[in-house]
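Residue-level listing of the chains:
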Amino acid sequence: MNGSTKPGYYGHPMIKPPEWTDLIPVYFWAGGMSGASATMALMQRLRGNEPLATTYVYAAAVGTALSGFCLIADLKRPDRFMNMLRVFKPTSPMSMGVYIFSVFGGATMTAALCSLFGVAKPLGRIAEVVAGFVGPLMSVYTAVLISDTVVPAWYGARLAMPALFAATSASTAGGVGLLFGPADANSSARRLALMGGAAVPVTLQNVHRAVGPFQDRAYKDGQAGPLAHAARAMNIAGTVCALFAGRAPVLGRVAGALLLAGGLAERFAVLRAGCNSASDPAYTIHAQRSGVSSADGS
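Residues numbered from 1 in each chain as written. Predicted model: local features only at pLDDT ≥ 70, side-chain atom pairs only at ≥ 80, totals over all residues. Heavy atoms only, no water.

Draft legend 1. Region of interest: the overall build of the protein. Secondary structure assignment for the protein yields eleven helices and zero strands. For the protein, the α and β elements follow one another from N to C terminus as α-α-α-α-α-α-α-α-α-α-α. At a minimum sequence separation of 6, the contacts of the protein that also span at least 24 residues come to 75%. Accessible surface, the protein: about 13,900 Å² in total, of which carbon and sulfur atoms supply 68%. (Helix = DSSP H or I, 4+ residues; strand = E, 2+ residues; numbered from the N terminus. Contact = heavy atoms within 4.5 Å. Areas by Shrake-Rupley, 256 points an atom, 1.4 Å probe, with all protein chains shown as cover.)

See the structure below:
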């Protein structure tokens, strides 16, 4: 790492780096995509676009299942997730996130099962409404969760990170509609993909601006840099393909795949940046000194 050049004690991390596995960025990505997909499902149902609405109902359920699997697998013991439901603490992003996930997961699975087996249609529609309204929270709560830590690269971007997660959730949900939705009824998915794809670089720039030049190095060092470059390239390429997908439907499928992959790479880049800043004491010291300077008004 760049900052820790002294051997021994003074080169050791001052805070404990995240011990998350690669399942966690997948959990972030799948949860964000499913949240935006559930909201899209409700919107398309209200518009009468039944084929696209059904696509998004299933996408939300699959994303929820994948997200839940990754979270519980990373916890190593399923009972740890259940134990978190025993505490309701509105001031804790972790506590609120568990309840958001639980309500959303129950609603998306109910909606998908009712649609798949053609039973309890009223219950399925109610579940879609619940999932659609909780979807935006599902898309961004993980950004609040990681920002509510002492990890400098995340904490410094605590006000900008939710917007980045919202943008990538929108772009990946648009990608799902383009990749798996009916080509003759996915214009709404294409618009969502374009809006999300265009918002990603703007919100990402806000994250870099929020952390400042020193902390921004964490987003460029190690594995974070190549992942961020790959995410940016795939997002741009996917957005361009989505722009012309109206005339060439095959480009819609390509755009969908690129946007989904770009969103996943972005989540990995954010995780690696956090690990970089937590592992190098220089980032923590700089954050502490910056905090003291701000408190002194200097």
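More follows now that the structure is in view.
Draft legend 2. Summary view of the nonpolar core. Membership of the largest hydrophobic core comes to 61 residues, with the highest contact counts inside it found for Tyr56, Trp154, Met161 and Tyr219. Looking at this core, the elements that each hand over two or more residues are α1 (23-47), α2 (50-75), α4 (93-117), α5 (121-147), α6 (152-155), α7 (161-180), α8 (187-216) and α10 (249-279). Looking at which element gives the most residues to this core, the answer is α1, with eleven residues. Ignoring any residue separated from it by four or fewer positions in sequence, one finds Met161 in contact with Ala143, Ile146, Ser147, Ala153, Trp154, Val207, Tyr219 and Val270. In this structure, Leu178, Ala193, Ala242 and Ala255 belong to the second largest nonpolar core, which totals six residues. (Core = buried A, V, L, I, M, F, W, Y, C linked by side-chain atoms within 4.5 Å. Buried < 20%, exposed > 50% of the residue type's maximum accessible area, 1.4 Å probe, protein only.)

Draft legend 3. Just the side chain of Thr172, in detail. Mapped onto the elements, Thr172 comes out in helix α7. Contacts of Thr172, omitting those with residues within four sequence positions, involve Trp29, Met33, Leu259, Leu260 and Gly263.

Draft legend 4. Here's a closer look at a nonpolar patch on the surface. Taken together, Met109, Leu113, Leu116, Phe117 and Val119 make up a surface patch of nonpolar side chains, about 490 Å² in accessible area. Of the residues examined, Phe117 reaches a relative accessible area of 58% and is grouped as exposed. (Patch = residues over 30% accessible without salt bridge, like charges linked within 9 Å, V, L, I, M, F, W, Y side chains within 5 Å. Salt bridge = Lys/Arg side-chain N within 4 Å of Asp/Glu carboxyl O.)

Draft legend 5. Representation of α2 within the structure. The first and last C-alpha atoms of α2 sit 37 Å apart over 26 residues, in line with the 38 Å expected at 1.5 Å per residue. Following α2 by one or two positions, Lys76 has its phi on the positive side, about 75°. (Expected span 1.5 Å × (residues − 1).)

Draft legend 6. Quick look at the packing of aromatic side chains. On inspection of all chains with the given rule, the structure shows four aromatic pairs. Taken together, a centroid distance of 6.1 Å and an interplanar angle of 90° make the contact between Trp20 and Phe28 edge-to-face. Centroid distance Trp20 to Trp154: 5.8 Å. Interplanar angle 15°. Geometry classified as stacked. Taken together, the residues Trp20 in the segment before α1 and Trp154 in helix α6 connect sequence positions 134 residues apart. (Phe/Tyr/Trp six-rings, centres within 6.5 Å; stacked < 30°, edge-to-face > 60°.)

Draft legend 7. View of the pattern of salt bridges. What the rule picks out here adds up to five salt bridges. In this structure, Glu128 and Arg45 form a salt bridge, with 2.9 Å as the shortest nitrogen-oxygen distance. Here Glu128 is found in helix α5, whereas its partner Arg45 is found in helix α1, with 83 residues between them in sequence. The two residues Glu128 and Arg45 agree in class, both being buried.

Draft legend 8. Expanded view of the packing of α2 against α7. Put simply, α2 and α7 touch, their axes get as near as 10 Å, and they point 120° apart. Between α2 and α7, the angle falls in the class oblique. In terms of crossing hand, the pair formed by α2 and α7 is right-handed. Touching Leu52, Thr55, Tyr56 and Ala59 of α2 are Ala173, Gly174, Val176, Gly177 and Phe180, all from α7. Classifying every residue of the contact of α2 with α7 by side-chain character gives six nonpolar, three polar and no charged. (Axes fitted to C-alpha atoms, helices over the stretch in contact; angles between N-to-C directions. Parallel < 35°, antiparallel > 145°, perpendicular 65-115°, else oblique. Left-handed = near helix turned anticlockwise from the far one by under 90°. Nonpolar A, V, L, I, M, F, W, Y, C, P; charged D, E, K, R; others polar.)

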